[in-house]
Amino acid sequence: MDDFILEATPKTPRLYFSKESGEFEISGRSIPENSIEFYKPVISWLDNYIHEPNHHTLLVIKLEYFNTSSSKCLVEILRRLESLTEQSIVKVKWCYEEEDEDMQESGEDFKEIMKVPIEMVQVRDN
Amino acid sequence: MKKAVTTGSSSQTLFSYAGSVSSSSMNHLLELAENKLNKEPTKKYIRKKVFGILVETVQNAYHHLDRPRSEEKHTSVKFRLEKDLQNYTVIAGNPVKNNKVDALKSVIDRFNSMSIPELKQYYRNRLSRGYATPSPGAGLGFVDIIRKSGKKISYTFKPVDQDYSYFSLQVEVST
(Lines give C-alpha, C1' and ligand atoms only; values in the text may rest on other atoms or scores of the structure.)
Protein backbone atom coordinates (compact mmCIF):
# COMPACT_ATOMS: atom_id res chain seq x y z
CA MET A 1 0.00 0.00 0.00
CA ASP A 2 1.10 3.59 -0.66
CA ASP A 3 1.95 6.16 1.96
CA PHE A 4 -0.71 8.73 2.74
CA ILE A 5 0.68 12.25 2.60
CA LEU A 6 -1.18 15.54 2.63
CA GLU A 7 0.45 18.93 3.01
CA ALA A 8 -0.77 21.44 5.59
CA THR A 9 -3.09 24.35 4.79
CA PRO A 10 -4.03 27.29 7.05
CA LYS A 11 -6.97 25.23 8.35
CA THR A 12 -5.87 21.64 8.00
CA PRO A 13 -2.86 19.76 9.34
CA ARG A 14 -0.07 17.98 7.55
CA LEU A 15 -0.88 14.29 7.43
CA TYR A 16 2.10 12.02 6.94
CA PHE A 17 1.29 8.34 7.23
CA SER A 18 4.10 6.10 6.02
CA LYS A 19 3.44 2.40 5.57
CA GLU A 20 7.11 1.90 4.84
CA SER A 21 8.37 3.23 8.17
CA GLY A 22 5.23 2.84 10.29
CA GLU A 23 5.69 6.46 11.32
CA PHE A 24 2.71 8.77 11.24
CA GLU A 25 2.39 12.46 11.92
CA ILE A 26 -0.46 14.93 12.31
CA SER A 27 0.89 18.45 12.66
CA GLY A 28 -0.17 22.06 12.30
CA ARG A 29 -3.71 23.23 12.80
CA SER A 30 -6.91 21.31 12.46
CA ILE A 31 -9.86 23.66 12.21
CA PRO A 32 -11.74 22.59 9.06
CA GLU A 33 -15.46 23.29 8.98
CA ASN A 34 -16.10 19.72 7.98
CA SER A 35 -13.63 17.62 9.91
CA ILE A 36 -15.27 14.28 9.15
CA GLU A 37 -14.87 14.87 5.42
CA PHE A 38 -11.26 15.95 5.87
CA TYR A 39 -10.25 12.93 7.98
CA LYS A 40 -12.27 10.31 6.12
CA PRO A 41 -9.52 9.38 3.60
CA VAL A 42 -6.82 8.93 6.23
CA ILE A 43 -9.17 6.88 8.41
CA SER A 44 -9.89 4.61 5.41
CA TRP A 45 -6.14 4.36 4.85
CA LEU A 46 -5.73 3.27 8.48
CA ASP A 47 -8.51 0.72 8.07
CA ASN A 48 -6.31 -0.89 5.42
CA TYR A 49 -3.11 -0.45 7.42
CA ILE A 50 -4.49 -2.35 10.41
CA HIS A 51 -4.85 -5.46 8.23
CA GLU A 52 -1.12 -5.55 7.52
CA PRO A 53 0.60 -3.30 10.03
CA ASN A 54 4.31 -2.82 10.61
CA HIS A 55 5.90 -4.26 13.74
CA HIS A 56 6.19 -0.76 15.13
CA THR A 57 3.70 2.06 14.69
CA LEU A 58 4.41 5.56 15.93
CA LEU A 59 1.97 8.44 15.69
CA VAL A 60 3.21 11.92 16.54
CA ILE A 61 0.47 14.50 17.10
CA LYS A 62 1.78 18.02 17.16
CA LEU A 63 -1.13 20.38 16.79
CA GLU A 64 -1.22 24.10 17.29
CA TYR A 65 -5.02 24.31 17.31
CA PHE A 66 -7.87 21.94 16.75
CA ASN A 67 -11.63 22.38 16.84
CA THR A 68 -14.03 20.09 18.67
CA SER A 69 -15.12 18.33 15.49
CA SER A 70 -11.47 17.44 14.79
CA SER A 71 -11.13 16.02 18.28
CA LYS A 72 -13.82 13.46 17.45
CA CYS A 73 -11.86 12.45 14.36
CA LEU A 74 -8.67 12.12 16.40
CA VAL A 75 -10.55 9.68 18.63
CA GLU A 76 -11.43 7.67 15.54
CA ILE A 77 -7.79 7.61 14.44
CA LEU A 78 -6.59 6.55 17.89
CA ARG A 79 -9.27 3.84 17.95
CA ARG A 80 -7.76 2.35 14.80
CA LEU A 81 -4.36 2.26 16.47
CA GLU A 82 -5.88 0.81 19.62
CA SER A 83 -7.12 -2.17 17.66
CA LEU A 84 -3.52 -2.86 16.57
CA THR A 85 -1.88 -3.44 19.90
CA GLU A 86 -1.60 -7.21 19.42
CA GLN A 87 0.06 -7.10 15.99
CA SER A 88 2.17 -3.98 16.30
CA ILE A 89 3.93 -2.08 19.05
CA VAL A 90 2.02 1.17 19.05
CA LYS A 91 3.22 4.44 20.48
CA VAL A 92 1.52 7.82 20.37
CA LYS A 93 3.31 11.04 21.21
CA TRP A 94 1.25 14.10 22.06
CA CYS A 95 3.40 17.20 21.70
CA TYR A 96 2.52 20.49 23.37
CA GLU A 97 4.42 23.69 23.88
CA GLU A 98 5.42 24.60 27.39
CA GLU A 99 2.92 27.05 28.94
CA ASP A 100 0.19 25.82 26.59
CA GLU A 101 -2.00 24.33 29.28
CA ASP A 102 -4.97 23.92 26.96
CA MET A 103 -3.04 21.70 24.58
CA GLN A 104 -1.56 19.76 27.50
CA GLU A 105 -5.04 19.29 28.94
CA SER A 106 -6.34 18.11 25.56
CA GLY A 107 -3.61 15.49 25.42
CA GLU A 108 -4.64 14.35 28.87
CA ASP A 109 -8.25 14.08 27.70
CA PHE A 110 -7.17 11.60 25.02
CA LYS A 111 -4.79 9.80 27.35
CA GLU A 112 -7.64 9.27 29.81
CA ILE A 113 -10.18 7.89 27.35
CA MET A 114 -7.95 5.84 25.03
CA LYS A 115 -6.33 2.50 25.81
CA VAL A 116 -3.43 3.09 23.44
CA PRO A 117 -0.42 4.49 25.34
CA ILE A 118 -0.05 8.22 24.83
CA GLU A 119 3.18 9.88 25.85
CA MET A 120 3.01 13.57 26.69
CA VAL A 121 5.95 15.42 25.18
CA GLN A 122 6.67 19.00 26.11
CA VAL A 123 8.35 20.87 23.27
CA ARG A 124 10.02 24.26 23.16
CA ASP A 125 7.98 27.24 22.15
CA ASN A 126 8.99 28.20 18.63
CA MET B 1 -10.47 62.45 47.75
CA LYS B 2 -10.36 59.16 45.91
CA LYS B 3 -10.96 59.11 42.23
CA ALA B 4 -13.35 56.59 40.77
CA VAL B 5 -11.55 54.10 38.55
CA THR B 6 -13.52 53.13 35.51
CA THR B 7 -11.84 50.32 33.66
CA GLY B 8 -14.82 49.87 31.38
CA SER B 9 -14.04 53.06 29.52
CA SER B 10 -10.73 51.64 28.29
CA SER B 11 -12.49 48.92 26.33
CA GLN B 12 -11.23 48.69 22.76
CA THR B 13 -12.64 46.82 19.78
CA LEU B 14 -9.98 44.75 18.02
CA PHE B 15 -12.27 43.73 15.22
CA SER B 16 -15.90 43.58 14.39
CA TYR B 17 -17.84 41.77 11.68
CA ALA B 18 -21.47 41.88 10.71
CA GLY B 19 -22.71 40.21 7.59
CA SER B 20 -23.41 37.00 5.81
CA VAL B 21 -22.05 33.66 6.81
CA SER B 22 -20.25 31.64 4.16
CA SER B 23 -17.23 29.42 4.19
CA SER B 24 -15.05 32.10 2.58
CA SER B 25 -16.29 34.96 4.76
CA MET B 26 -15.64 32.85 7.86
CA ASN B 27 -12.11 32.06 6.65
CA HIS B 28 -11.48 35.71 6.01
CA LEU B 29 -12.82 36.65 9.42
CA LEU B 30 -10.63 34.16 11.26
CA GLU B 31 -7.59 35.28 9.30
CA LEU B 32 -8.29 38.89 10.21
CA ALA B 33 -8.80 37.99 13.87
CA GLU B 34 -5.59 36.04 13.97
CA ASN B 35 -3.59 38.89 12.43
CA LYS B 36 -5.01 41.27 15.02
CA LEU B 37 -4.30 38.88 17.87
CA ASN B 38 -0.73 38.30 16.73
CA LYS B 39 -0.06 42.00 17.25
CA GLU B 40 -1.30 41.85 20.83
CA PRO B 41 1.33 42.10 23.54
CA THR B 42 -0.23 39.17 25.38
CA LYS B 43 1.30 35.78 26.03
CA LYS B 44 1.05 33.37 23.12
CA TYR B 45 -1.09 30.84 24.98
CA ILE B 46 -3.66 33.54 25.87
CA ARG B 47 -3.86 34.54 22.20
CA LYS B 48 -4.31 30.87 21.32
CA LYS B 49 -7.13 30.57 23.85
CA VAL B 50 -8.93 33.59 22.39
CA PHE B 51 -8.44 32.36 18.83
CA GLY B 52 -9.60 28.85 19.76
CA ILE B 53 -12.78 30.27 21.29
CA LEU B 54 -13.36 32.39 18.20
CA VAL B 55 -12.99 29.36 15.95
CA GLU B 56 -15.60 27.47 17.96
CA THR B 57 -18.08 30.36 18.02
CA VAL B 58 -17.65 31.18 14.33
CA GLN B 59 -17.95 27.55 13.21
CA ASN B 60 -20.85 27.05 15.58
CA ALA B 61 -22.69 29.93 13.90
CA TYR B 62 -21.75 28.56 10.49
CA HIS B 63 -23.10 25.09 11.21
CA HIS B 64 -26.13 25.87 13.34
CA LEU B 65 -27.33 29.17 11.99
CA ASP B 66 -30.98 29.24 11.08
CA ARG B 67 -31.19 31.23 7.90
CA PRO B 68 -34.39 33.20 7.63
CA ARG B 69 -35.84 33.35 4.13
CA SER B 70 -35.83 37.13 3.93
CA GLU B 71 -32.37 38.65 3.96
CA GLU B 72 -33.00 41.35 6.48
CA LYS B 73 -30.40 43.31 8.30
CA HIS B 74 -31.18 41.82 11.70
CA THR B 75 -30.64 38.29 10.42
CA SER B 76 -26.91 38.52 9.80
CA VAL B 77 -24.20 37.11 12.03
CA LYS B 78 -22.06 39.33 14.20
CA PHE B 79 -18.65 38.76 15.71
CA ARG B 80 -16.65 41.15 17.81
CA LEU B 81 -13.43 40.93 19.76
CA GLU B 82 -12.88 43.50 22.47
CA LYS B 83 -10.29 44.01 25.11
CA ASP B 84 -9.97 46.04 28.26
CA LEU B 85 -7.40 45.96 31.02
CA GLN B 86 -8.56 42.62 32.42
CA ASN B 87 -10.11 40.66 29.59
CA TYR B 88 -10.46 39.79 25.98
CA THR B 89 -14.15 39.43 25.18
CA VAL B 90 -15.51 37.40 22.29
CA ILE B 91 -19.04 38.38 21.29
CA ALA B 92 -20.93 36.34 18.72
CA GLY B 93 -24.48 36.60 17.48
CA ASN B 94 -26.73 34.76 15.08
CA PRO B 95 -30.45 34.25 14.47
CA VAL B 96 -32.08 31.08 15.77
CA LYS B 97 -35.58 29.73 15.37
CA ASN B 98 -37.82 30.46 18.33
CA ASN B 99 -38.59 26.79 18.79
CA LYS B 100 -34.91 26.13 19.53
CA VAL B 101 -34.47 28.89 22.11
CA ASP B 102 -35.53 26.90 25.18
CA ALA B 103 -33.31 23.93 24.32
CA LEU B 104 -30.31 26.15 23.66
CA LYS B 105 -30.87 28.05 26.92
CA SER B 106 -31.08 24.88 28.95
CA VAL B 107 -27.91 23.46 27.35
CA ILE B 108 -25.90 26.59 28.15
CA ASP B 109 -27.41 26.93 31.65
CA ARG B 110 -26.52 23.32 32.36
CA PHE B 111 -22.88 23.80 31.29
CA ASN B 112 -22.65 27.11 33.14
CA SER B 113 -23.79 25.40 36.34
CA MET B 114 -21.10 22.70 36.10
CA SER B 115 -17.68 23.00 37.73
CA ILE B 116 -14.53 22.76 35.61
CA PRO B 117 -13.83 19.15 36.79
CA GLU B 118 -17.43 18.21 35.95
CA LEU B 119 -17.10 19.76 32.50
CA LYS B 120 -13.85 17.90 31.96
CA GLN B 121 -15.56 14.62 32.81
CA TYR B 122 -18.51 15.41 30.60
CA TYR B 123 -16.22 16.35 27.71
CA ARG B 124 -14.22 13.15 28.04
CA ASN B 125 -17.34 11.00 28.15
CA ARG B 126 -18.71 12.61 25.03
CA LEU B 127 -15.39 12.60 23.24
CA SER B 128 -14.86 8.90 23.83
CA ARG B 129 -17.85 8.19 21.61
CA GLY B 130 -15.95 9.61 18.62
CA TYR B 131 -18.15 10.63 15.73
CA ALA B 132 -20.09 7.40 15.65
CA THR B 133 -23.03 8.93 17.52
CA PRO B 134 -24.93 11.87 16.09
CA SER B 135 -24.03 15.03 17.89
CA PRO B 136 -26.96 17.08 19.11
CA GLY B 137 -25.95 20.61 18.26
CA ALA B 138 -23.12 22.52 19.79
CA GLY B 139 -22.76 20.65 23.06
CA LEU B 140 -19.05 19.94 23.03
CA GLY B 141 -18.23 23.31 21.50
CA PHE B 142 -19.79 25.14 24.45
CA VAL B 143 -17.99 22.89 26.92
CA ASP B 144 -14.71 23.56 25.14
CA ILE B 145 -15.34 27.31 25.28
CA ILE B 146 -16.03 27.29 29.03
CA ARG B 147 -13.02 25.09 29.73
CA LYS B 148 -10.74 27.39 27.74
CA SER B 149 -12.08 30.64 29.18
CA GLY B 150 -12.57 29.31 32.72
CA LYS B 151 -15.69 31.49 32.91
CA LYS B 152 -19.36 31.12 32.26
CA ILE B 153 -20.95 31.99 28.92
CA SER B 154 -23.22 35.04 29.04
CA TYR B 155 -26.02 35.06 26.54
CA THR B 156 -29.16 36.85 25.45
CA PHE B 157 -32.05 36.00 23.16
CA LYS B 158 -33.83 38.97 21.63
CA PRO B 159 -37.11 38.27 19.83
CA VAL B 160 -36.95 39.26 16.16
CA ASP B 161 -40.37 38.18 14.96
CA GLN B 162 -42.79 35.31 15.43
CA ASP B 163 -40.31 32.78 14.02
CA TYR B 164 -36.86 34.04 15.01
CA SER B 165 -34.82 35.33 17.90
CA TYR B 166 -31.35 36.78 17.85
CA PHE B 167 -28.91 34.79 19.97
CA SER B 168 -25.82 36.56 21.31
CA LEU B 169 -23.14 35.03 23.44
CA GLN B 170 -20.25 36.57 25.25
CA VAL B 171 -17.13 34.90 26.61
CA GLU B 172 -14.23 36.44 28.48
CA VAL B 173 -10.60 35.39 28.68
CA SER B 174 -8.43 37.01 31.33
CA THR B 175 -5.44 38.75 29.80
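These numbers were taken from a predicted model, which means no experiment stands behind them. (Residues numbered from 1 in each chain as written. Chains lettered and ligands numbered in written order. Predicted model: local features only at pLDDT ≥ 70, side-chain atom pairs only at ≥ 80, totals over all residues. Heavy atoms only, no water.)

### Some points on unusual backbone geometry
So, step 1. For Glu99 of chain A, which is not glycine, the phi dihedral falls at a positive 80 degrees.
So, step 2. Assignment of secondary structure puts Glu99 of chain A in the loop between β5 (89–97) and α3 (101–113). (Helix = DSSP H or I, 4+ residues; strand = E, 2+ residues; numbered from the N terminus.)

### With respect to the pattern of salt bridges
So, step 1. Per the counting criterion, the structure on display carries 21 salt bridges over all chains.
So, step 2. Note that Glu64 of chain A and Arg29 of chain A form a salt bridge whose closest N and O atoms lie 3.3 Å from each other. A residue pair is termed long-range when its members are at least 10 positions apart, and Glu64 of chain A in strand β4 (residues 56–66) and Arg29 of chain A in strand β3 (residues 23–30) qualify at 35 residues.
So, step 3. Since its relative accessible area comes to 31%, Glu64 of chain A is described here as partly exposed.
So, step 4. The exposure class assigned to Arg29 of chain A is buried, which follows from its relative accessible area of 13%.
So, step 5. One salt bridge connects Glu40 of chain B with Lys83 of chain B, and the closest N-O pair in it is separated by 2.8 Å. Of the two residues, Glu40 of chain B sits in the loop between α1 (23–38) and α2 (44–64) while Lys83 of chain B sits in strand β2 (residues 77–83), which places them 43 residues apart along the sequence. We note that Glu40 of chain B, like Lys83 of chain B, is buried. (Salt bridge = Lys/Arg side-chain N within 4 Å of Asp/Glu carboxyl O. Buried < 20%, exposed > 50% of the residue type's maximum accessible area, 1.4 Å probe, protein only.)

### Observations regarding the side chain of Lys11 of chain A
So, step 1. Mapped onto the elements of the fold, Lys11 of chain A is located in the loop between β1 (4–6) and β2 (14–17).
So, step 2. A distance of 2.6 Å separates a polar atom in the side chain of Lys11 of chain A from a polar atom in the side chain of Glu33 of chain A.
So, step 3. In this structure Lys11 of chain A touches Arg29, Ser30, Ile31, Pro32 and Glu33 of chain A together with Asn27 and Gln59 of chain B, once residues within four positions along its chain are discounted. (Polar contact = N/O pair within 3.5 Å; in protein donor to acceptor, adjacent residues only side chain to side chain. Contact = heavy atoms within 4.5 Å.)

### Things to note about the environment of Glu82 of chain A
All names here are of chain A.
So, step 1. Following the sequence through the fold, Glu82 ends up in helix α2 (residues 68–82).
So, step 2. Not counting the four nearest positions on each side in its chain, Glu82 is found in contact with Met114, Lys115 and Val116.
So, step 3. In terms of polar contacts, Glu82 uses its side chain to reach the backbone amide nitrogen of Val116, at 3.5 Å.

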